Amino acid sequence: EKKGINKKLSHFALIKKKPILGICLGMHLMMESSQEANQTSKGLGWLKGNVYKNLYKKNTYLNVGWKYVSPLKNIKNRTLKKVTSDYFYFDHSFSLDKSSEAITALTRRTSIPAIVVKENLLGVQFHPEKSHDAGKIFIKYFLERFNLI
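In this text, all values refer to a predicted model and were calculated from it rather than measured experimentally.

Trainee: Explain the pattern of salt bridges to me, please; I cannot follow it from the model alone.
Mentor: Proximity of charged atoms lets side chains of opposite charge pair with each other. Applying the stated criterion across every chain, the model contains two salt bridges. Residue Lys17 pairs with Glu119 through a salt bridge whose shortest N-O separation is 2.6 Å. Placement of the pair is Lys17 in the loop between α1 (4-15) and β1 (20-23) and Glu119 in the loop between β9 (113-118) and β10 (121-124), with a sequence separation of 102 residues. Taking relative accessible area as the criterion, Lys17 reaches 41% and is therefore assigned partly exposed.

Trainee: Hey, could you run me through α1 in this one?
Mentor: Since the α-helix advances by 3.6 residues per turn, residues separated by three or four positions end up pointing in the same direction. For α1, which comprises twelve residues, the first-to-last C-alpha distance of 16 Å matches the rise-based estimate of 16 Å (1.5 Å per residue) to within 8%. Taken from the residues just after α1, Lys17 is the one with a positive phi, measuring 60°.

Trainee: I'm lost on the pairing of strand β4 (residues 50-53) in this one. Help?
Mentor: Every regular strand shows the same layout, with side chains that alternate between the two sheet faces. Summarising the sheet, strand β2 (residues 33-34) and β4 pair through two bridges and their orientation is parallel. Note on β4: the bridge partner recorded for Ser34 is Val51. Relative to strand β7 (residues 94-96), β4 runs antiparallel, the two being bridged by three bridges. Bridging across to β7, Tyr52 finds its partner in Ser95.

Trainee: I keep staring at the side chain of Thr104 and nothing clicks. Help me out?
Mentor: The residue Thr104 is located in strand β8 (residues 103-107) in this model. Judged by relative accessible area, Thr104 falls into the buried class, the value being 10%. Ignoring sequence-local partners within four residues, the contact set of Thr104 consists of Pro71, Leu72, Ile75, Leu80, Ile115, Val116 and Val117.

Trainee: Would you explain the sheet that holds strand β3 (residues 41-42) in this entry?
Mentor: Backbone hydrogen bonds are what pair the strands of a sheet, in a parallel or an antiparallel way. Read across the open sheet, the four strands follow the order β3-β2-β4-β7; overall the sheet is mixed. The sheet is open, and its two edges are formed by β3 and β7, each paired on a single side. Direction of pairing for β2 relative to β3: antiparallel, over a ladder of two bridges. Looking at the pairing, Ser34 lines up with Ser41 of β3.

Trainee: How do you make sense of the confidence of the model for the protein chain when you look at a structure like this?
Mentor: Low pLDDT marks regions whose predicted coordinates should not be analysed in detail. With 95% of its residues at a pLDDT of 70 or more, the protein chain shows a mean pLDDT of 90. Across the protein chain, the secondary-structure element scoring lowest on mean pLDDT is helix α3 (residues 78-84), at 88, and the one scoring highest is β1, at 98.

Trainee: Please clarify how helix α4 (residues 132-145) should be interpreted in this entry.
Mentor: For α4, which comprises 14 residues, the first-to-last C-alpha distance of 20 Å matches the rise-based estimate of 20 Å (1.5 Å per residue) to within 8%. Three or more residues of α4 are buried, namely Ala134, Gly135, Phe138, Tyr141 and Phe142. End-on view of α4: buried residues confined to an arc of 120°, all on one side of the axis. Every exposed residue of α4 that faces more than 90 degrees away from the buried side is listed here: His132, Asp133 and Lys136. Contacts from the buried residues of α4 go to β1, α3, β6 (86-92) and β10. Directly beyond the C-terminal end of α4, a positive phi value near 55° is found at Asn147.

Trainee: Any chance you could explain the side chain of Ser34 here in plain terms?
Mentor: Along the chain, Ser34 falls in strand β2. Within the structure, Ser34 has its side chain in polar contact with the backbone nitrogen of Glu36 (distance 3.1 Å). Setting aside residues no more than four positions away along its own chain, Ser34 makes contact with Gln39, Thr40, Ser41 and Val51.

Rules of the game
- Residues numbered from 1 in each chain as written.
- Predicted model: local features only at pLDDT ≥ 70, side-chain atom pairs only at ≥ 80, totals over all residues.
- Heavy atoms only, no water.
- Salt bridge = Lys/Arg side-chain N within 4 Å of Asp/Glu carboxyl O.
- Helix = DSSP H or I, 4+ residues; strand = E, 2+ residues; numbered from the N terminus.
- Buried < 20%, exposed > 50% of the residue type's maximum accessible area, 1.4 Å probe, protein only.
- Expected span 1.5 Å × (residues − 1).
- Pairing = 2+ DSSP bridges.
- Contact = heavy atoms within 4.5 Å.
- pLDDT = per-residue confidence, 0-100.
- Arc of directions from axis to C-beta.
- Polar contact = N/O pair within 3.5 Å; in protein donor to acceptor, adjacent residues only side chain to side chain.

Structure follows, in structure tokens:
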């Protein structure tokens, strides 16, 4: 049951359709659940999908550094494709599973879901605020997409 701040945030995002940009953990919170607290915790449930601990090789969980983001081929939004086909800075040890229908881009090689989009909700696994010019372009895209500037 959603109470207090969760209920207010959900009303703001889902009923009023205000634009929301979730960065890293912010994207995780939009999902149905997460294992980030060493247990499965409910997310806000705005988007389908669950967040799991990364496991790459030899007990390596962190994904830190610059990764190229590749939009999926079926994405129709040409501007989104253009602004997200670049290197962005990642720093995380949990990732969204690949079952969410909102996934619009993956990292090259590791195929980590990097961007989710659904109506007024936009979530990114990377950190645009740490991604230099690519990050500035992405933030500007978000602001322009929702007529915030």
